[in-house]
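# Working through the structure, step by step
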Amino acid sequence: MKNTSLTLKIFVLSTFIFFVAQLIVNSNLSPLGTKLQSLNSEKDYLVEENENIHEELAKLDSIVVVKELAQKKLNFDKRDPQSTIYLQTENVLAEK
């Protein structure tokens, strides 16, 4: 009987310690989980924005778009292919 009582006390004490430890761990992890969820939402938003920016850049990088912008906004004219000037950039030096 004495042995059973000691076993019961040890069981109750270890169960109590386990539940207290779980409460402490959960109280520490809960705010971290909320913060992680918030950061994940922000990351998803930024990834979507990045994709939109890359899409816009791809559209603006198109040679057709560049030509149209040059003609409309900068008033560049279409030139005769024979009047095109090519520059070599192999031996260009820049100094301050």
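Please refer to the structure higher up on the page.
Overview of the structure. (Residues numbered from 1 in each chain as written. Predicted model: local features only at pLDDT ≥ 70, side-chain atom pairs only at ≥ 80, totals over all residues. Heavy atoms only, no water.)

## Some points on the overall build of the protein chain
Heads up, the condition is: Helix numbering and strand numbering both begin at the N terminus, where a helix is a DSSP run of H or I of at least 4 residues and a strand a DSSP run of E of at least 2. Partly exposed describes any residue whose relative accessible area lies between the buried limit of under 20% and the exposed limit of over 50%, with all areas from a 1.4 Å probe on protein chains only and scaled to the type maximum. For the accessible areas, the method is Shrake-Rupley and the probe is 1.4 Å, while residue cover comes only from the protein chains on display.
When you go through the protein chain residue by residue, the secondary structure sums to two helices and zero strands. Classification of the 96 residues of the protein chain by burial places 1% in the buried group. For the protein chain, the accessible area works out to roughly 9,900 Å², and carbon and sulfur atoms hold 61% of it.

## Brief notes about the pattern of salt bridges
If charged atoms from side chains of opposite charge come close, those side chains can pair. The criterion, for reference: In what follows, salt bridge is the name for a side-chain nitrogen of Lys or Arg lying within 4 Å of a carboxyl oxygen of Asp or Glu.
By the definition in use, this model includes two salt bridges. Note that D44 and K43 form a salt bridge whose closest N and O atoms lie 4.0 Å from each other. Residue class for K43 comes out partly exposed when judged on its relative accessible area of 46%. When the shortest N-O distance is used, the salt bridge between E55 and K59 registers 3.7 Å. Linking E55 with K59, this pair stays in helix α1 (residues 2–61), spanning four residues, or about one helical turn. When its relative accessible area of 46% is taken as the criterion, E55 is described as partly exposed. The exposure class of K59 is partly exposed, given its relative accessible area of 46%.

## Thoughts on the packing of α1 against helix α2 (residues 63–72)
For clarity, the threshold we go by: Note on method: axes are straight lines fitted to C-alpha atoms, helices fitted across the in-contact stretch only, with angles between N-to-C directions ranging 0 to 180 degrees. Working rule for angles: under 35 degrees goes down as roughly parallel, over 145 as roughly antiparallel, 65 to 115 as roughly perpendicular, anything else as oblique. Contact criterion: two residues are considered in contact whenever any of their non-hydrogen atoms come within 4.5 Å of each other. Each residue gets one label: Ala, Val, Leu, Ile, Met, Phe, Trp, Tyr, Cys and Pro are nonpolar, Asp, Glu, Lys and Arg are charged, and the others, such as Gly, are polar.
Put simply, α1 and α2 touch, their axes get as near as 5 Å, and they point 65° apart. Taken together, the axes of α1 and α2 lie roughly perpendicular to each other. For the pair α1 and α2, the contacting residues are K59, L60 and D61 in the first and I63, V65 and V66 in the second. Partitioning the contact of α1 with α2 into residue classes produces four nonpolar, no polar and two charged.

## A few points about α1
Where we set the bar: Here the expected length of a helix is defined as 1.5 Å per residue gap, with one fewer gap than residues. Here the bend at a residue means the angle between the axes of two seven-residue stretches, the one that ends at it and the one that starts at it.
Given a rise of 1.5 Å per residue, 60 residues ought to cover 88 Å, and the 85 Å separating the end C-alpha atoms of α1 matches this to within 8%. Its maximal kink placed at L29, α1 deviates by approximately 25°, while the proline P31 follows within four residues.

## Side note on a nonpolar patch on the surface
Quick note on the threshold: Distance thresholds for patches are 9 Å for like charges and 5 Å for nonpolar side chains (Val, Leu, Ile, Met, Phe, Trp, Tyr), applied to residues having over 30% relative accessible area and no salt bridge.
On the surface, L13, F16, I17, V20 and I24 cluster together to form a nonpolar patch covering roughly 490 Å² of accessible area. In this structure, L13 sits in helix α1.

## Details of the packing of aromatic side chains
The condition that has to hold: Any two of the Phe, Tyr and Trp rings considered here, Trp counted by its six-membered ring, make a pair once their centres fall within 6.5 Å; the pair's planes then place it as stacked at under 30 degrees, edge-to-face at over 60, or tilted in between.
In total, this model carries one aromatic pair according to the counting rule given. Here F18 and F19 contribute two aromatic rings whose centre-to-centre distance is 5.6 Å and whose plane-to-plane angle is 65°, an arrangement assigned as edge-to-face. Classification of F18 by relative accessible area gives partly exposed; the value is 47%.

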